[in-house]
Structures are given as C-alpha cells and as structure tokens.
Amino acid sequence: MSSKRRSKSREAALLLDNIRISEHLEKDPKYKFQADKLKNCRKEKNLFLDENEFIELGKRCEYRVCTFCSIIRSYFYYNQFIEHLKTIKIPISIQQEGLRFLTLTTINQKDIIEGIDHFYKSFRRFKNRNYFEENIKGGLGSIEIKRGNDGLWNIHGHFLIDSKYLDMKSHLKTRKSKIKKDSKLVQEWKKSTRGSSI
C-alpha cells in the first residue's frame, strides 16, 4: 500500500472516530455546540501560498477530544519540549532514574463525557498522592479515546515521564500461590480512580 493511500485510510479512520464521538455528544443538549464543532473539523479549508504553490489545509476545531487536532497538538508539544527532553537521561537499566513511558487507563465507560471527567479527576488525585510526588518529577501526556470491543468508551492516557524506577508489574503473592498482587503503582492508580481502573 502506498504512503499516500495509507495516509488517506488513516485520515478516514480519524474522521470516523470524530463522527462517533460527536454522535455520542449530540445525545446531551449541553454538548450540542461541541458536537457540531467536532463534526465540522477540517470541513472548511484555508489556502496558503508556499513557494509558488497553494497548500489547502482544513480549518481545525481545536476541540480537546478531536482525533485530528490531538495529533497536531502532540506535534506542537513535541516541538515545544524536545530540546528539554534531550537533556534528560534515558535509563540503561529499569532501576535508574530517567524518561519512561506510562499508560494509565480506567474501566470502559458508557458515557464519554463522564468518562473523560472521571479520568481527569482520577489523574488529579493520582498527582496529589505521596507516591507520585516521591517518584515522578514531571512529564507530558495526552488522553486517547477509542470505542472498545464491548461498545463502551476506552479512555486512557499515554505519558512520557521523568521518574525513579516504578514497579509496574503484578507479582504472585508467593511462589506457590496463583493469586497476583498488584504493584505499588497499580495500587496507587486504583485508589485514585476509586476502584474503577483495570
């Protein structure tokens, strides 16, 4: 498949995500404006002159849950922070401090708005916990929203963090036991989500 064709199919998938999210938002009259804004993202075009040729770019809605705009926002953050990130050590072993990826998720939600609110509130509680303050210096992140196989909304966050070693895996309580014990990170995140995390 050519790169132009892949780009078109990726764009179609993003557009479909926006339509699904806007249809869900339309169900609540409070979010009609946001639903319309999301549905019309990039439908209006702007023309720019670049070295003797016109480039047509879609006008963005800049809505936080828009799949198109979130990609552009991620490029903006990348360009804004890349020089600083280059100064932070990448750990050679998992025990060292440095940059690492972290994904946090909650149980799939029926209502997208309530799910997003729940995720943000949970993350704020997580940031205020001693565990976070003692182990994580800072980082960047974004949320991603997808429709799960169960038809519910899967809302999760991807983060690039500067931290100490974080024990992220679950462990068997004893060698003979089949019961798993959550890692400290998972325990802290579950407390922050008030039990509604995976």
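The structure under discussion appears in the preceding block.
Attention in this report is confined to the structure presented alongside it. None of these values were measured; they are calculated from a predicted model.

Observations regarding the pattern of salt bridges
Then step 1. Applying the stated criterion to the full structure yields 7 salt bridges.
Then step 2. The salt bridge involving Lys146 is made with Glu144; its shortest N-O contact spans 3.0 Å.
Then step 3. With a closest N to O distance of 3.0 Å, Glu188 and Lys184 form a salt bridge. Placement of the pair is Glu188 and Lys184 together in helix α6 (residues 184-192), with a separation of 4 residues, close to one helical turn.

Notes on helix α3 (residues 67-86)
Then step 1. With 20 residues, α3 should reach 28 Å at 1.5 Å per residue; the first-to-last C-alpha distance of 27 Å fits that figure.
Then step 2. In the structure, α3 departs most strongly from a straight axis at Gln80, where the bend amounts to approximately 45°.
Then step 3. Among the residues of α3, Thr67, Phe68, Cys69, Ile82 and Leu85 are the ones counted as buried.

Quick word on the environment of Leu160
Then step 1. Its place among the elements puts Leu160 in strand β5 (residues 153-163).
Then step 2. In the structure, Leu160 is positioned 21 residues away from Gly139 in sequence and 5.4 Å away in space, judged by C-alpha atoms.

Concerning the sheet that holds strand β3 (residues 98-105)
Then step 1. In space, the 3 strands of this open sheet follow the order β3-β5-β4, with antiparallel pairing throughout. Edge positions in the sheet fall to β3 and β4 (136-147), since each has one partner strand and no second. When the angles between neighbouring strand axes are averaged without regard to direction, this sheet yields 20°.
Then step 2. Here 8 bridges tie β3 to β5, and the two strands are oriented antiparallel to one another. Bridge pairing links Thr103 to His158 in β5.
Then step 3. Strands β3, β4 and β5 of the sheet are contacted by helix α4 (residues 112-127), whose axis makes an angle of about 25° with β5.

About the thresholds
- Residues numbered from 1 in each chain as written.
- Predicted model: local features only at pLDDT ≥ 70, side-chain atom pairs only at ≥ 80, totals over all residues.
- Heavy atoms only, no water.
- Salt bridge = Lys/Arg side-chain N within 4 Å of Asp/Glu carboxyl O.
- Helix = DSSP H or I, 4+ residues; strand = E, 2+ residues; numbered from the N terminus.
- Expected span 1.5 Å × (residues − 1).
- Bend = angle between axes of the 7 residues up to and from the residue.
- Buried < 20%, exposed > 50% of the residue type's maximum accessible area, 1.4 Å probe, protein only.
- Pairing = 2+ DSSP bridges.
- Axes fitted to C-alpha atoms, helices over the stretch in contact; angles between N-to-C directions.
- Contact = heavy atoms within 4.5 Å.

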